[in-house]
Every structure is written in C-alpha cells, then in structure tokens.
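Single-letter residue listing:
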Amino acid sequence: MNKQIGIFVIAFFISISVKSQEIFTRQDTLRGSITKERAWWDVKYYHLDIKVNPADSTISGSNTIRYQVLKEDNRMQIDLQQPMEIYKVTQEGKELKFKRDGNAFFIDFATPQQRNEIKEIVVFYGGKPKIAVNPPWDGGITWSKDQNGKPFIASSCQGLGASVWWPNKDHMYDEVDDMLISVNVPKNLTDVSNGRLQRCNRFTGWY
C-alpha cells in the first residue's frame, strides 16, 4: 500500500514538472512583454474610424493614435492579429515605413521622436478578422443573424485582445486615456459601442 502511494506521488510531481515546461515563442514575447518598441511612448488617445461590412465579413478603416514620447526613439510596435492587415501608416501627412512580424507591426520614423512631444500617427487597415468559434471564451468576431433575419455582429476579445480586429498598443500596462469610436454600418443596422453617443456636424465637429 505504501509503495503504491509513493509511486503515485512521484508520478504526480513528474506530471506537474512536464506541464510547467511550456515553450514560449517569439510571438508570445512580442505579445506579453514591454518591448523596447512599446516602452518609449505612452498612448493617450485613439480615434477608431471603421466600416463594418456584413456582406463579406470585413472590417476596414483607420485608427488615429495620439501618444506622448517618454524617451527618444524611432521604432514603434503596433499590434494587429492575423489575418488583418495594415495597408498604410502616416504621420503629418507623410507615409511611414513598416514591417510585419506575426501579430506585431514595427513602424519606423524618419527621425527620432523627441522626448515629451505629443504626436499622432494614422494607421489604415482592413481584412476579415478571426471568427469567434465559441464566444466569449474563444475570442474574435461573430457574424450572425437575429430572430428577424438581420445581420448581428459582435466582438468578444477580452482574453484574446482588441488587436484581433483593430490596430492598437495591445498591452494592459498602458491603457488609453480617451477614445472616440466612429462606426459606419449598413442603413438597416445600428452600432452599439462603449461610451456616450456623439454626433458629428461637418461645420462644428463632434458634439
């Protein structure tokens, strides 16, 4: 009896040891770490301006990212998960170079960003975001229909990250101070987003 218990305890600890030896990839590091390309800037504001198209299950548009420079640098990490794509990045009307590494994009500035400056970039993107297989536990976008047969689209990304459907600094250590969300949907649909409803007058702006 004692011998059997001893064997069970040894096997139990071996099982724990094997499970604890997880393999972390470069993508895990880019996702979970405060990388050099994240550390030098503090996100202040987003303006997510998008179009949702139920006909082909796509989302497209732009995100204006306002940030404060904490220390001089010239490369920024922005997160956007596959299969979504960034098409263009601009600052002050000029296009910036960038390259992709899995779910992270690295944007290169022509000159180093100066400490304490408040700057903006505009990220243009689009594509078919990951479909949520079992929301909300398996995150992504749900493309469904309601009881009246009208399109019903929802996002569930608390665990997976908002970068599953729009480009941002997707790390909990640096949360945005303020955000504006503009969503263009077909005429027979209504967008429901976080925050307070605002309207835009082309002469006076948002109110």
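Okay, so let's go over this structure. Bear in mind the structure is a predicted one, so any value in this text is a computation, not a measurement.

Glancing now at unusual backbone geometry. The amide bond that connects Gln 82 to the next residue, Pro 83, takes the cis arrangement and shows omega of 10°. With respect to the helices and strands, Pro 83 occurs in the loop between β3 (73-79) and β4 (85-91). Phi angles above zero are rare outside glycine, and Glu 92 is one such case at about 55°. Mapped onto the secondary structure, Glu 92 falls in the loop between β4 and β5 (94-95). Given a relative accessible area of 67%, Glu 92 falls into the exposed group. Positive phi values are uncommon outside glycine, yet Asn 116 reaches one of about 75°. Of note, Asn 116 is situated in the loop between β7 (104-113) and β8 (118-127).

For the rest of this paragraph, the subject is the pairing of strand β10 (residues 151-156). In terms of strand pairing, strand β9 (residues 140-145) meets β10 through 6 bridges, oriented antiparallel. If you follow Lys 145 over to β10, its bridge partner there is Pro 151. Between the end of β9 and the start of β10, which pair antiparallel, lie 5 residues, with Gly 149 showing a positive phi angle near 85°.

Parameters and conventions
- Residues numbered from 1 in each chain as written.
- Predicted model: local features only at pLDDT ≥ 70, side-chain atom pairs only at ≥ 80, totals over all residues.
- Heavy atoms only, no water.
- Helix = DSSP H or I, 4+ residues; strand = E, 2+ residues; numbered from the N terminus.
- Buried < 20%, exposed > 50% of the residue type's maximum accessible area, 1.4 Å probe, protein only.
- Pairing = 2+ DSSP bridges.

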